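# Coordinates in review
One-letter residues, chain by chain:
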Amino acid sequence: MTTAQIGIIISILLYLCMMLIVGFLSSRKTKDVGDFFLGGRKLGPFVTAMSAEASDMSSYLLMGVPGLAYFSGIADAGWTAMGLIVGTYLNWLFTAKRLRNYSASIDAITIPDYLKKRYKDNKNIILLIGAVFIIVFFVPYTASGFSACGKLFASLFGVNYQLAMIVSAIIIIGYTTTGGFLAASTTDFIQSIVMSIALIIVLIYGISNAGGVDSVIENAKHLPGFLELSATHDNVNNAAAPYGIFNKITMFCWGLGYFGMPHILLRFMAIEKPEKLKLSRRVASVWVLISLGVATFLGIVGRAMTEAGALDSLIDDPTSASKAETLIVVLADHISKNGFFFALIAGVIIAGILASTMSTADSQLIAASSSVSEDILQNVFKVKLTETGSMLVARLTLIGVAIVGAIIAWNPNSSVFSIVSFAWAGFGAVFGPAILLSLYWKRSNKYGIIAGMITGAATVFIWKYAVRPMGGLWDLYELAPAFLVAIIFIVVVSLLTPAPEKEIEEEFDKVKTM
């Protein structure tokens, strides 16, 4: 083992030990199911902001976005980043406070539980649908995190991909099952800081090795379409490929997904004081703007380094961005070879990649386990569990979801960005329209919500596997059409069916004035 590898491992081990210690300390404050799933609604404004964004900015921040920018230029990555920035701000502005007040008013601790109680669905149909889709879409989302960890260690140390992926999964499961939501939120706060440090270090190193910012821009200009927002670089033909209005709209529509992300919405529900959400919104929005901007520019810097001969090409297959997603790992490896101190710094960068993955995976595992233990077993099937029994089921479910996620991530050639994009579309279409209309439209009812959730999910699958492959104008990201279809069905079905009961409308009015 080289000196560089030893330095990296020392930093990583220190980081992982810190995460496990946080999980242990959090477990001492996790006394019941409410604490395990929602932290007892005791999160402060900074932890709320940074844990929400860290749980959102999964491995696609440090691997997916830079890899996409490296592969084809700024169009895909740039329009996606702009959509995410706008979506983040609007989600905090329109959803956060009202959802916090509404969920507290009706004593809901999960997103399906909130929708069930919001519409007084005594038959638990909304609850079951929501819980099932959380599991369906969180399993591949979690798999993307495990895949990122596997790629990380396989490319850095040459170890077996599957072994590295499994060990990473065990660490994540370890602190999440111990401390629950509080551990996930606290570690996410720490991880957001580590992610920021990692991005800044790698960006500065990359610019320096590429010969400065001017050289970066000049080298990138040699690639047709690379620096354009209306074109992408075609690696097969070394030419610019048009990037039309439909591509821009659908990639920008990534921002719609925020309104339906259970692991982000739970942070809104968990803040201690709703009036602190304004501060949280500002902190979160600034961090997302800076981090996505840096991640996109990092991809440009990396490709410029390749053009300048300072970095080997990360494109083996001109039709796949999978290897390009290892850009930050390769740069960390370069840094580590400058001496032991730099190896320790490289270890911090690798820890940042781990942080981006772990911060999302832990939140997803919490949401998935709550869906099974609270929503499906206890509320739908009426299984009576003690507090201890409920905690045990939640932890066993968490482990089960992680195992399935590891199986899906078994293939080392899977793309982190493509896996995340599908799950993102699923959550955005299933929960986004339902959450927004539940908060802002008094006339919406349970029949409309059920119709919207089902058609939203169905459209995601149909569009991705049947419509989008047709190409041309149909080659649109599935979230945009699915989101629109879900809204239409909620509105139409709600208007065609009986209005909500007076009790539901009074509850809505009460929350509206809070």
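None of these values were measured; they are calculated from a predicted model. (Residues numbered from 1 in each chain as written. Predicted model: local features only at pLDDT ≥ 70, side-chain atom pairs only at ≥ 80, totals over all residues. Heavy atoms only, no water.)

### Topic: unusual backbone geometry
- A positive phi angle, near 60 degrees, is found at D107, a position not held by glycine.
- Of note, D107 is situated in the loop between α5 (74-105) and α6 (111-118).
- On the accessibility criterion, D107 (52% relative accessible area) is exposed.
- The phi dihedral of K120 is positive, around 50 degrees, even though this residue is not glycine.
- In this structure, K120 sits in the loop between α6 and α7 (125-157).
- On the basis of relative accessibility, which here comes to 28%, the residue K120 falls in the partly exposed class. (Helix = DSSP H or I, 4+ residues; strand = E, 2+ residues; numbered from the N terminus. Buried < 20%, exposed > 50% of the residue type's maximum accessible area, 1.4 Å probe, protein only.)

### Points about the packing of aromatic side chains
- Tallied over the entire structure, the rule returns 15 aromatic pairs.
- Judged by centre distance (6.1 Å) and plane angle (25 degrees), the ring pair of F133 and F137 falls under stacked. Of this pair, F133 and F137 both sit in helix α7, separated by four residues, roughly a single helical turn.
- The class for F137 is buried, based on a relative accessible area of 0%.
- Ring centres of F427 and F431 lie 6.3 Å apart, and the angle between their planes is 25 degrees; on these two criteria the pair is classed as stacked. With F427 and F431 both in helix α16 (residues 416-440), this residue pair falls four residues apart, about one helical turn. Like F431, F427 is buried.
- Feature note: the residues F133, F137, F422, F427, F431, F461 and Y465 constitute an aromatic cluster, connected by ring pairs. (Phe/Tyr/Trp six-rings, centres within 6.5 Å; stacked < 30°, edge-to-face > 60°.)

### Focus: helix α12 (residues 277-307)
- Its 31 residues place the ends of α12 45 Å apart at the C-alpha level, agreeing with the 45 Å of an ideal helix rising 1.5 Å per residue.
- Across the 31 residues of α12, 22 count as buried, placing the element largely inside the fold.
- Once α12 finishes, G309 follows within two positions and takes phi at roughly 85 degrees, a positive value. (Expected span 1.5 Å × (residues − 1).)

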